[in-house]
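# Descriptive structure summary
The residues making up each chain are set out below.
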Amino acid sequence: LKFAPEFEELSSKIEMDTTGPFDTILGECPAGVEEWVLKSITEATKVQRMLGIRVFKLKRLHGEVERLRRKQEAKNKIMSINSKLNVLSTKLAEFEEKAG
């Protein structure tokens, strides 16, 4: 895809982001919080970032698919009009032949 480098650049920005949705929870945890809570928060942050990247990529792909769909629809309309013009041209040629 022609916008793949842009994907990689923005994906890496998301991956480099140090803020996470669970920072407030982590900040409010007491000093003696159990280790599994910290591991869960870390894992949840990783999953959230990964899903954010996937959603971003899917939105971009969806936009590209929609753009290509509209382009194909326009081409189909042009071909349909061209076909109608060919039919009319043939009928006109037949009419001129009968009249001439």
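Notes on the structure follow. Just so you know, these numbers come straight off a predicted model, no measurement behind them.

Among the surface-exposed residues, Val47, Met50 and Leu51 lie close enough to one another that they form a single nonpolar patch of about 220 Å² accessible area. Its location among the elements puts methionine 50 in helix α3 (residues 35-99). According to the relative accessible area criterion, methionine 50 is partly exposed, its value standing at 36%.

A word on the side chain of glutamate 64. As for its placement among the helices and strands, glutamate 64 is situated in helix α3. Glutamate 64 gets classed as buried once you look at its relative accessible area, which sits at 13%. Here arginine 67 takes part through its side chain, which lies 2.8 Å from a polar atom of the side chain of glutamate 64.

Here we take up the pattern of salt bridges. With the rule as written, the count across this model stands at four salt bridges. Lysine 39 is the salt-bridge partner of glutamate 35, the closest N and O atoms lying 3.2 Å from each other. Residue glutamate 35 and its partner lysine 39 are located together in helix α3, separated by four residues, close to a single helical turn. Like glutamate 35, the residue lysine 39 is exposed in the burial classification. Where arginine 67 meets glutamate 64, a salt bridge forms, and the shortest distance between an N and an O atom there is 2.8 Å. With arginine 67 and glutamate 64 both in helix α3 and three residues apart, this pair spans about one turn of that helix. Here the salt bridges do not stand alone but share partners, grouping Glu66, Arg69 and Glu73 into one network.

Analysis parameters
- Residues numbered from 1 in each chain as written.
- Predicted model: local features only at pLDDT ≥ 70, side-chain atom pairs only at ≥ 80, totals over all residues.
- Heavy atoms only, no water.
- Patch = residues over 30% accessible without salt bridge, like charges linked within 9 Å, V, L, I, M, F, W, Y side chains within 5 Å.
- Areas by Shrake-Rupley, 256 points an atom, 1.4 Å probe, with all protein chains shown as cover.
- Salt bridge = Lys/Arg side-chain N within 4 Å of Asp/Glu carboxyl O.
- Helix = DSSP H or I, 4+ residues; strand = E, 2+ residues; numbered from the N terminus.
- Buried < 20%, exposed > 50% of the residue type's maximum accessible area, 1.4 Å probe, protein only.
- Polar contact = N/O pair within 3.5 Å; in protein donor to acceptor, adjacent residues only side chain to side chain.

Without other data, these values stay purely geometric and don't point to any function.
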